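Summary of the model geometry
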Amino acid sequence: TSKPSIRYFSADHGYYDTDNFTEETLEFEWTSAHQPGARYAPASFITGFLDRPIDLGKELAELDVATTLVWGREADITPLKQGRTLAETADARLVVIDRARLLPHVEHPREFSDVVREVLQRRAWPRRQYKATVLRRREHGVSVTKDHEVAGDHSLLIDGSRGVHGSPEPVLGP
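Now for a quick tour of the structure. Throughout, residues of each chain are indexed from 1 in the direction in which the sequence is written. In keeping with the model being predicted, local features are shown solely for residues with a pLDDT of at least 70 and side-chain atom pairs are shown and tallied solely at 80 or more, while totals for entire chains, interfaces and linings include all residues. As a rule here, side-chain values come from all non-hydrogen atoms in the structure, and water together with hydrogens is ignored.

1. Quick word on the packing of aromatic side chains
Quick reminder of the rule: Paired rings are identified among Phe, Tyr and Trp, the last through its six-membered ring, by centres lying within 6.5 Å, and are further divided according to the angle between planes into stacked (under 30 degrees), edge-to-face (over 60) and tilted (the rest). Buried, partly exposed and exposed residues are distinguished by accessible area as a fraction of the type maximum, computed with a 1.4 Å probe on protein chains only: under 20%, between the cut-offs, and over 50%, respectively. Any Lys NZ or Arg CZ that is within 6 Å of a ring centre and within 35 degrees of that ring's normal is treated as a charge sitting over the ring.
Applying the stated rule across the entire model yields one aromatic pair. Considering the side-chain rings of Tyr15 and Phe21, the 5.2 Å spacing of their centres and the 65° angle between planes classify their relative orientation as edge-to-face. Overall, Phe21 belongs to the buried group, its relative accessible area being 14%. Here Lys3 stacks its cationic end above the ring of Trp30, 5.3 Å away from the centre of that ring.

Written out as structure tokens, the structure is:
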């Protein structure tokens, strides 16, 4: 993986605002891509080899903890429609971050951290106690909409990408 290819992918799919893609991030991603065995990762990702043959919605629904999904509103590899379907199937909370694609947690770290803090603060609630709320707020130019809330212990899933980087929770978006 070359630096130009990392820049291209980040501009084409990873970042809504390429000004959020820093030289430091480029160096980190390039270094990560040049670890032993890393040369197989891009092909494995693109071909779907890393996709586990499971029904992710069903698996998440069977967890003993409430789940929150974090999705970039403008994600194109795994569009928001897929996030909504997954959240519905998994009985999970979906948080959509506006002006974000594949990497909402990287592009908007403050908003993502707010979601994580909120999830951790709700850990003591019963798993499937729903609270119907719609909340909009503007923070640093990012509007956050919570379609619904799931109370309980939470695992955190970050998506826009095909991989599970933790476990799921809320929806943020315009």
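Picking up where we left off.
2. What about unusual backbone geometry?
Working note: non-glycine residues mostly have negative phi, and peptide bonds are mostly trans. Defined as follows: Counting from the N terminus, the helices are DSSP H or I runs at least four residues long and the strands are E runs at least two residues long.
With a phi angle near 55°, Asp91 is a residue other than glycine that sits in the positive phi range. One can find Asp91 in the loop between helix H5 (80–90) and strand S2 (93–97). Looking at Asp91, the relative accessible area reads 32%, which means it is partly exposed. At Arg99, a residue that is not glycine, the phi angle is positive and equals roughly 50°. With respect to the element layout, Arg99 can be found in the loop between S2 and helix H6 (104–107).

3. As for the pairing of strand S1 (residues 66–72)
The following threshold applies: Paired strands, in this sense, are two strands between which DSSP finds at least two bridges. Here is how to tell: hold the view so the strands point away, follow the path from the first strand over the helix to the second, and if it runs clockwise the crossover is right-handed.
Most of S1 sits out of view: seven of its seven residues are buried. What you see with S1 is no split at all: Ala66, Thr68, Val70 and Gly72 on one side and Thr67, Leu69 and Trp71 on the other are buried throughout. Here four bridges tie S1 to S2, and the two strands are oriented parallel to one another. Bridge pairing in S2 links Gly72 to Ile97. In terms of handedness, the path from S1 via H5 over to S2 forms a crossover that is right-handed.

4. Brief notes about the nonpolar core
One recurring pattern in soluble globular proteins is that nonpolar side chains are buried together. Quick reminder of the rule: For the purposes of this section, nonpolar cores are sets of buried Ala, Val, Leu, Ile, Met, Phe, Trp, Tyr and Cys residues that join through side-chain atoms within 4.5 Å.
Among the nonpolar cores identified, the biggest contains 11 residues, and these are Leu60, Leu69, Trp71, Ala75, Leu80, Leu86, Ala87, Ala90, Ala92, Leu94 and Val96. Of all the elements, H5 adds the most residues to this core, at four residues. Membership of the second largest hydrophobic core comes to seven residues, among which are Ile97, Phe112, Val115 and Val119.

5. Description of the side chain of Asp98
Just so we agree on the cut-off: Polar contacts, as used here, are pairs of N or O atoms within 3.5 Å; protein pairs need one atom able to donate a hydrogen and one able to accept it. Residues neighboring in sequence count only if both atoms are side-chain atoms.
On the secondary structure map, Asp98 appears in the loop between S2 and H6. Overall, the relative accessible area of 0% leaves Asp98 in the buried class. Side-chain polar atoms of Asp98 contact the side chain of Arg73, separated by 2.6 Å.

6. Comments concerning helix H7 (residues 109–121)
What counts is decided by this rule: Here, expected helix span is obtained from the residue count minus one, scaled by 1.5 Å. Relevant arc is that of directions from the helix axis to the C-beta atoms, nothing else.
Between the first and last C-alpha of H7 there are 18 Å, a value that for 13 residues agrees with the 18 Å anticipated at 1.5 Å per step. Taken together, the buried positions of H7 are Glu111, Phe112, Val115, Glu118 and Val119. Across the axial projection of H7, the buried residues extend over an arc of 120°, all falling on one side. Seen from the open side of H7, the exposed residues pointing more than 90 degrees away from its buried face are Arg110, Leu120 and Gln121.

7. What to know about the pattern of salt bridges
We apply this condition: We define a salt bridge as a contact between a side-chain nitrogen of Lys or Arg and a carboxyl oxygen of Asp or Glu at a distance within 4 Å.
Scanning all chains against the criterion turns up six salt bridges. Put simply, Glu23 and Arg7 hold a salt bridge, and the shortest N to O gap is 3.5 Å. Taken together, the positions of Glu23 in helix H2 (residues 23–33) and Arg7 in helix H1 (residues 3–14) put the pair 16 residues apart, joining distant regions of the chain. For Arg7, a relative accessible area of 37% puts it in the partly exposed group.

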